[in-house]
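# Structure at a glance
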Amino acid sequence: MQRIRSLRAGWQLLKSSCEGAAKQVNTPASTSRDSSHLAPQGPGSFGLLFDIDGVLVRGSTLIPEAKQCFRNLVHSDGKYKVPVVFVTNAGNCLRQRKAEHLSHLLEVEVSPDQVVLSHSPLRMFTEFHKLRVLVSGQGPIVEVAHNLGFQDVVTIDMLREAYALLDVVDHARRPKGSIPSTKGFPPIDAVILFGEPIRWETNLQLIVDVLHTNGRPDDAWSTMRYPHIPVLACNMDLLWMAEAKNPRFGHGMFLVCLESLYKKATGYDLKYEALVGKPSVVTYNYAELLVSQQAERLGWTTPVKRLYAIGDNPMSDIYGANLYNHYLQASQRTKARKKAKSDGGGVDTAAETLDESTEMTSAELGGGSVVLGAEGDLPEGCSSILVCTGVYSRDQQEVPSEHTVTEQHTVTEQHVFHGHRDFRFDPSLTQPSFVVEDVKEAVELVFQQEGWPLE
């Protein structure tokens with residue numbers, strides 16, 4: 001119960017800060033405003049969620065169709081026609097830096113409050129912000145941690161320096177001469193895995209040491225220290241697409257290594273207190289909040305009814321968007337049942353049975369015992385759009401067909417599950433609502449679906 005209250009407090013704090021920022025940006029609408037900027041007054045309000053790697057860029061190279069796509073998404077004065085949020089599993093950077101990079105590449109203004117990084121939802125996990133946390137990843141991870149609210153941050157290098165005998169895989173890094181004394185070091189309370197590190201063997205060794213010793217890596221290993229201290233992980237992508245012809249290892253692969261090593265060394269499963277980033281529902285809750293705030297700044301008077309998530313990875317982008325759509329549908333059914341009950345109607349047992357069959361695991365929700373979205377009107381649904389410019393390629397892979405989706409036993413044999421260990425393999429969640437060639441086609445499809453002029 002304490003866990004639920006803590007998450008709820010974190011979400012309300014985040015929501016309040018976003019609303020405050022929106023009020024500062026908003027100005028009273030002029031009565032002589034150009035009619036091309038008028039907000040939708042009917043059912044046609046929607047928002048766009050863009051993945052970045054494999055959709056807009058490959059490595060540092062812009063996918064050509066992306067620039068034209070975004071020229072069509074803004075008016076001549078640079079204002080967006082619809083709410084746009086970039087949802088990426090990148091995490092070894094700050095939102096400000098990512099926004100500046102996208103602005104430069106796409107030649108449109110991208111603000112930090114349009115960017116959701118894999119670690120962004122950790123702002124909600126306020127119960128961990130005052131703990132002493134060990135962070136793993138690369139880039140400005142200390143600054144990232146502080147920016148999210150964590151106050152007492154320890155890096156792997158700081159741990160190496162304090163305990164010089166722990167990192168000995170690389171012979172060149174072993175202590176020379178006399179054995180250095182161990183520096184006094186307060187115990188670690190939790191571990192945060194931001195993204196793939198540079199030296200995997202070092203991070204894997206020291207993280208297992210910390211977990212196996214209850215945060216005191218100079219102590220002897222003990223299987224009695226289980227469950228271990230909390231672990232919060234961001235970005236579960238097994239693979240991602242850069243300039244190479246084939247996908248590269250992502251942070252999800254590092255997590256597989258860590259889970260395997262911990263299991264082999266202790267006999268126990270590694271447990272996560274939080275799993276954030278796509279495809280977890282909490283990440284889409286966070287993105288939806290930003291979409292709603294943008295809609296307000298655009299002067300829209302009706303809630304956003306539909307979201308369209310555009311991505312290149314069936315096991316991350318498509319799975320996540322479809323999982324979030326299930327969450328939205330379940331929320332709609334719950335809301336309808338409550339209304340029917342308050343109006344004196346009966347209980348729909350068929351709907352309750354459906355909700356039980358589609359109940360999500362704690363990991364799929366984000367690791368907490370509850371996922372908290374914005375109060376009030378949630379979108380009616382989220383459609384997934386798969387592009388062929390990244391991890392997925394029509395030449396190499398098949399999207400699960402209607403037949404194979406219904407035959408889960410057959411799909412399991414034919415398709416390798418690249419999702420995280422704690423997520424169910426539901427083949428239907430990897431089937432996109434639409435498949436298009438590139439991001440430009442995706443946006444054109446959305447505007448056609450909504451009956452909006454794009455140019």
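Residues numbered from 1 in each chain as written. Predicted model: local features only at pLDDT ≥ 70, side-chain atom pairs only at ≥ 80, totals over all residues. Heavy atoms only, no water.

### Describing the packing of aromatic side chains
- Summed over the entire model, instances satisfying the criterion amount to 17 aromatic pairs.
- Their ring planes at 55° and their centres at 6.1 Å tell us that W300 and W452 sit as a pair that is tilted. Here the residue W300 occupies a position in the loop between α8 (281-297) and β13 (306-311), and W452 occupies one in the segment after α14 (439-450), the gap between them amounting to 152 residues.
- On the basis of relative accessible area, W300 is assigned to the buried category, the value being 9%.
- R132 extends its terminal NZ or CZ atom over the ring of F185, reaching a point 4.9 Å from the ring centre. (Phe/Tyr/Trp six-rings, centres within 6.5 Å; stacked < 30°, edge-to-face > 60°. Helix = DSSP H or I, 4+ residues; strand = E, 2+ residues; numbered from the N terminus. Buried < 20%, exposed > 50% of the residue type's maximum accessible area, 1.4 Å probe, protein only. Lys NZ or Arg CZ within 6 Å of the ring centre and 35° of its normal.)

### Section: the environment of D113
- Note that D113 resides in the loop between α3 (95-106) and β5 (115-116).
- D113 sits in the partly exposed class, given a relative accessible area of 24%.
- Each C-alpha atom of the pair D113 and Q294 lies 8.8 Å from the other, and the pair is 181 residues apart in sequence.
- Dropping the residues within four chain positions of it, D113 is found in contact with R95, L290, Q294 and R297.
- Within the structure, D113 has its side chain in polar contact with the side chain of R297 (distance 3.0 Å). (Contact = heavy atoms within 4.5 Å. Polar contact = N/O pair within 3.5 Å; in protein donor to acceptor, adjacent residues only side chain to side chain.)

### Thoughts on the sheet that holds strand β7 (residues 152-155)
- Reading across from one edge, β7-β6-β8-β9-β12 is the order of the 5 strands in this open sheet, with parallel pairing throughout. The open sheet is flanked by β7 and β12 (274-276), the only strands paired with a single partner. Each neighbouring strand pair of the sheet contributes to a mean axis angle of 20°, computed without reference to strand direction.
- Where strand β6 (residues 132-136) lies against β7, 4 bridges are found, and the strand directions are parallel. Each bridged residue has a counterpart across the sheet, and for V135 the counterpart in β7 is T155.
- The strands touched by helix α7 (residues 251-266) are β6, β8 (190-193) and β9 (231-234); relative to β8, the strand with the most contacts, the crossing angle is about 145°. (Pairing = 2+ DSSP bridges. Axes fitted to C-alpha atoms, helices over the stretch in contact; angles between N-to-C directions.)

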